[in-house]
Amino acid sequence: MLLSSDILIQAVANGLLTGAIYALIALGLTLIYGVLHIINFAHGALLTAALFAAFFADRVLGIDPWISVFALAPAFFALGYLLQRLVVWPASRGEDRAILLVTLGLAVIIENGLLFQFRSDTRTIDHPFGFDVVELGTMLLATTRVVAFFAAIGVAAALFVFLAMTDTGRAIRAVAKERLGAELSGVDVPHIYAVTFGLGTACLAVAACLLLPSYYVTPQVGNAFVLVAFTIVVLGGMGSVPGALAGGLFIGVVESISGLLYGETLGQLGIFLIFILVLLFRPQGLFGAKA
Amino acid sequence: MRDHLAPVLIVLALLAGVPLVVDSNVVLNFLKVALMLALAGTGWNLLGGYGGQFSFGHAVFFGTGAYAVAVLQVRFGINAWAAFGAGIVLGAVLGLAIGWLTFRAGLRGSYFALVTLAFAEVARIIASVWPLTGAGAGILIPLREGFLTLQFGSRAEGYWFVLALLGIAMLIVRAIEVRRFGAQLVAVRENEDAARALGVDVLRVKLLAIALSGGITASAGAFYAQTFLYLDAGLAYGPWISVEALLTAIVGGIGTVWGPLLGALVLQALSELGKHLGGDAPGLGLVLFGAVLILVVRFAPNGIVGLARSLRPRRLARG
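My aim in this report is to walk through the structure given alongside it, one point at a time. Quick caveat: nothing in here was measured; it's all calculated off a predicted structure.

Rules and cut-offs
Residues numbered from 1 in each chain as written. Chains lettered and ligands numbered in written order. Predicted model: local features only at pLDDT ≥ 70, side-chain atom pairs only at ≥ 80, totals over all residues. Heavy atoms only, no water. Helix = DSSP H or I, 4+ residues; strand = E, 2+ residues; numbered from the N terminus. Rg over C-alpha atoms; globule rule 2.2 N^0.38 Å. Buried < 20%, exposed > 50% of the residue type's maximum accessible area, 1.4 Å probe, protein only. Contact = heavy atoms within 4.5 Å. 1 Å grid on protein atoms, 1.4 Å probe; cavity = no way out; pocket = protein on both sides within 12 Å on 5 of 7 lines; lining within 4 Å. Points joined across faces, edges and corners; volume = space filled by probe spheres on them. Nonpolar A, V, L, I, M, F, W, Y, C, P; charged D, E, K, R; others polar. Patch = residues over 30% accessible without salt bridge, like charges linked within 9 Å, V, L, I, M, F, W, Y side chains within 5 Å. Areas by Shrake-Rupley, 256 points an atom, 1.4 Å probe, with all protein chains shown as cover. Salt bridge = Lys/Arg side-chain N within 4 Å of Asp/Glu carboxyl O. Phe/Tyr/Trp six-rings, centres within 6.5 Å; stacked < 30°, edge-to-face > 60°. Lys NZ or Arg CZ within 6 Å of the ring centre and 35° of its normal. Axes fitted to C-alpha atoms, helices over the stretch in contact; angles between N-to-C directions. Parallel < 35°, antiparallel > 145°, perpendicular 65-115°, else oblique. Buried area = accessible area lost by both parts, 1.4 Å probe. Polar contact = N/O pair within 3.5 Å; in protein donor to acceptor, adjacent residues only side chain to side chain.

Some words on the overall build of chain A
Counting its secondary structure elements, chain A contains eleven helices and two strands. Overall, chain A shows an N-to-C arrangement of helices and strands of α-α-α-α-β-β-α-α-α-α-α-α-α. Expected size for 291 residues packed as a compact globule is a radius of gyration near 19 Å; at 19 Å, chain A falls within 12% of this value. With respect to the three principal axes, the spread of C-alpha positions in chain A is 60 × 45 × 35 Å. Residues classed as buried in chain A amount to 54% of the 291 residues present. The contacts in chain A between residues at least 6 apart in sequence include a share of 77% that link residues at least 24 apart.

Spelled out as structure tokens, the structure:
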């Protein structure tokens, strides 16, 4: 198939814009994996919950998602912190298989609770910038998505700095690297685990507020993102923050281009195939060190 | 008759008698669906419960069994019984293929759960666009009641059929449990490296387990297709069946013959309760499932069977 370069460039740009949001979602997942060594199956459902929260903040309270993010991010941090402290850890006693099941149980509860409450209707908001576009050369990019791109990159950078510079960040990295050693040096490991889970969940609240102006909400919407996020995490190397960022942008572009070539449904198929192939042949990720 | 099979046969005989004393459609339908879920769960349990390989995507087997039965009959005019058998074989072959890819790559634990989930999603997407499987519109098996078309006129016959399938599956699992293969499977679950050091061919054991597991769960899917006569990608390959398959085993008692049956009965009762409480709004039943899953993992990691066993020694000690 012959494609004009303009269309292709436009697809790449749109892919990068989506990819930044993917990266933010994957960042939360990879952070939790890197420190707690658990795969959080509730990640997608928590994203859905965040989208609903941002939706109702806009529709009921009249607060724009770009404003409500400053309340929702701390709120979801607290939610994640408490979930880890009160549910995931006590219920699983730290066993891998049990953690898988507990987070799966949480996902089922959240997703179906939302389905029960709100039915499977598709909801959208009318954002003041909803129809604005930014012209860049021959490209026309939706303003809301451009803003989301820069905000997502900014949050990722802030998280990176937080992990590198602050005492809490250092403690998180210490626990990720050598849990026992960190514990012996006086790090409160259960607290750090919960902080990490909270940070991962807060990333979702930010992603939700950035997505909402150009996307929709249904009780199942998180599923579409979570497998993509798993793919990115595996691609970037489980637990790697730069890997998640690069992987997110890459997958965004792959999805956009394959969607252009093969249609949206088959474009998704491409992502899952990448996912399976990477898991089978390079489970340490493209950017990860050989395990 | 071998002693170890006797309890299974007795319970099956009791269950077989239900339609003779109960005439209620509600009860028989309830049991039919519960037995189908128990069948899917028995497949999951063989791999996940005994072998310790947690699959989050058993829908891939369920859906393949279901689509095989429907597609072979509707598109190729193959006899329903033959199609049913082919569905089971396909499930087993698919199990072998997925096992060969994943176990050879050394995927365990969370990675195995993730990759099975991805296989189920790939299957769902393919089924939703492929004309052969009816794409988005789904596929309809024409209603033709009769023994040869495997469509039973009376509810009792359908019930006995799924009971027979479950019975065979449970006998297979029970027979494995007392044989060397069962011991090897449990050894792989408890400590794969130690099992290998003791000379267990770990890959072979896992492959055999996933093939049997795939075949058993595919038979549940085939039964689903033959009973409801309609399939689409979301029904056949949707995440709901992956979740229910593992839930029945875990709630009932992971790694036990009785677990999936007990778990399926309890979960199906919860699902009815959810429908009763929630009216026509969907979702409440699954909320209960999620809550039960977390509670079981927290308070009764060995499920209902584990709870029953923990009561037994005390009784013996008193007597």
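Still to come is the rest of the account.
Some details on empty space enclosed by the protein
Residue and element names in this part refer to chain A. In total, this model carries two cavities of 30 Å³ or more according to the counting rule given. Of the pockets and cavities examined, the largest cavity occupies roughly 40 Å³. Taken together, Leu29, Tyr33, Ile38, Ile39, Asn40, Phe230, Val233 and Met238 form the lining of the largest cavity. For the lining of the largest cavity, the elements supplying multiple residues, two or more each, are α1 (5–36) and α9 (221–236). Split into classes, the residues belonging to the lining of the largest cavity amount to seven nonpolar, one polar and no charged. Space inside the second largest cavity adds up to approximately 30 Å³.

Overview of a nonpolar patch on the surface
Together, Ile7, Leu8, Leu260, Leu261, Tyr262 and Leu266 of chain A together with Val129 of chain B make up a nonpolar patch on the protein surface, roughly 560 Å² of accessible area in all. Going through the elements one at a time, α1 and α10 (241–262) of chain A are the ones with two or more residues in the nonpolar patch. For the nonpolar patch, the element with the highest residue contribution is α10 of chain A, accounting for three residues. Exposure remark for Leu266 of chain A: the relative accessible area of 36% places this residue in the partly exposed category.

A closer look at the packing of aromatic side chains
All names here are of chain B. In this structure the tally under the stated criterion is 23 aromatic pairs over all chains. Arranged with centres 6.2 Å apart and planes meeting at 50 degrees, the rings of Tyr224 and Trp240 form a pair that is tilted. Placement of Tyr224 in helix α10 (residues 202–228) and of Trp240 in helix α12 (residues 239–252) is noted, with a sequence separation of 16 residues between them. One aromatic cluster is present, built from ring pairs that chain together Trp81, Phe84, Phe152, Phe161 and Phe223. Above the ring of Trp100, the side-chain terminus of Arg104 is found at 3.9 Å from the ring centroid.

Thoughts on the packing of helix α3 (residues 25–50) of chain B against helix α8 (residues 180–190) of chain B
Helices that pack against each other are described as a pair by the angle of their axes relative to one another and the distance between those axes. All names here are of chain B. Axis separation between α3 and α8 bottoms out at 8 Å; the angle between their running directions is 55 degrees. Taken together, the axis directions place α3 and α8 in an arrangement best described as oblique. Contacts between α3 and α8 involve Leu46, Gly49 and Tyr50 from the former and Leu185, Val186 and Arg189 from the latter. Its residues assigned to classes, the contact of α3 with α8 shows four nonpolar, one polar and one charged.

Focus on the side chain of Gln268 of chain B
Residue and element names in this part refer to chain B. Mapped onto the secondary structure, Gln268 falls in helix α13 (residues 259–278). Gln268 sits in the buried class, given a relative accessible area of 7%. Those residues in contact with Gln268 that sit more than four places away from it in its chain are Phe30, Val33, Ala34 and Leu37.

Regarding the environment of Arg104 of chain B
Residue and element names in this part refer to chain B. Turning to its location among the elements, Arg104 is positioned in helix α5 (residues 80–104). Linking Arg104 and Leu198, residues 94 residues apart in sequence, is a C-alpha distance of 19 Å. Beyond its immediate chain neighbours, meaning those up to four positions away, Arg104 contacts Gly99 and Leu203.

So, the interface of chain A and chain B
Contact residues are listed per partner, giving 36 residues for chain A and 40 residues for chain B. Between chain A and chain B, the buried area comes to about 3,500 Å², and carbon and sulfur atoms account for 82% of it. Where chain A meets chain B, there are zero salt bridges. Our enumeration of links across chain A and chain B arrives at one residue pair in polar contact (both at pLDDT 80 or more). For the side of chain A that touches chain B, the elements supplying multiple residues, two or more each, are α3 (65–92), α4 (96–118), α9 and α11 (264–281) of chain A. For the side of chain A that touches chain B, the leading source of residues is α4 of chain A, giving 14 residues. Grouping the constituent residues of the side of chain A that touches chain B by class yields 28 nonpolar, five polar and three charged.

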